[in-house]
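Residue strings, one per chain:
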Amino acid sequence: MINDAPLLAGLRIQLERMKDVPCGVCGQMVVVVGQAAGPHVASLHCATCDRHRGWLPKTIADFLLETISRFGWPTEAITIRNPEFAQANATALWVHARSQSQHPELVMKRN
Ligand SMILES: [Zn+2]
């Protein structure tokens, strides 16, 4: 089992793939990391209305944990561009998976 995932609970993430598919209820594009559930590392919920938006892949969770340990807890939502993420959630809403990159790419968003 993964023990690190709870450390990510509450983290705000904005997914590039979700530009095309914002929350169907309120239009919010930022998701919040929730708790682990079954085989999943963590759930993702709409930042505004708490609607379930998908699951956090372990590869991304590991990447986020590494990033936070290095740079600290982000004050802004982290933007992720990662085809793996979309593929892992293809059964949810994000069907625009593209395989341009094999590696997670993360951008610390700043004002
Ligand atoms: Zn919503």
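That block above? That's the structure.
Below or above, wherever it landed, is the structure these notes cover. Small disclaimer: the values here were computed from a predicted structure and weren't measured.

### Some thoughts on the overall build of the chain
Here comes step 1: Within the chain, the secondary structure is distributed over 2 helices and 6 strands.
Here comes step 2: Within the chain, buried positions represent 38% of all 111 residues.
Here comes step 3: Relative to all contacts within the chain whose residues are 6 or more apart in sequence, the contacts with residues 24 or more apart total 52%.
Here comes step 4: Put simply, the chain shows about 6,300 Å² of open surface, and 51% of that area lies on carbon and sulfur atoms.

### Re the coordination of the zinc ion
Here comes step 1: Protein-derived coordination of the zinc ion comes from C23 (SG), C26 (SG), C46 (SG) and C49 (SG), at a distance range of 2.2 to 2.3 Å.
Here comes step 2: Its 4 donor atoms give the zinc ion angles of 96 to 121° at the centre, a pattern that matches the tetrahedral case.
Here comes step 3: Look at where the donors of the zinc ion fall in the sequence and you get C-x2-C-x19-C-x2-C. Placement of the pair is C23 in the loop between β1 (12-15) and β2 (30-33) and C46 in strand β3 (residues 42-46), with a sequence separation of 23 residues.
Here comes step 4: On the basis of relative accessibility, which here comes to 4%, the residue C23 falls in the buried class.
Here comes step 5: According to the relative accessible area criterion, C46 is buried, its value standing at 2%.

Definitions and limits used
Residues numbered from 1 in each chain as written. Predicted model: local features only at pLDDT ≥ 70, side-chain atom pairs only at ≥ 80, totals over all residues. Heavy atoms only, no water. Helix = DSSP H or I, 4+ residues; strand = E, 2+ residues; numbered from the N terminus. Buried < 20%, exposed > 50% of the residue type's maximum accessible area, 1.4 Å probe, protein only. Contact = heavy atoms within 4.5 Å. Areas by Shrake-Rupley, 256 points an atom, 1.4 Å probe, with all protein chains shown as cover. Donors = N, O, S within 2.8 Å, 3.2 Å for Na, K, Ca; no water. Tetrahedral: all angles 85-135°; square planar, octahedral: opposite > 155°, others 65-115°.

Nothing here speaks to function; it is all geometry.
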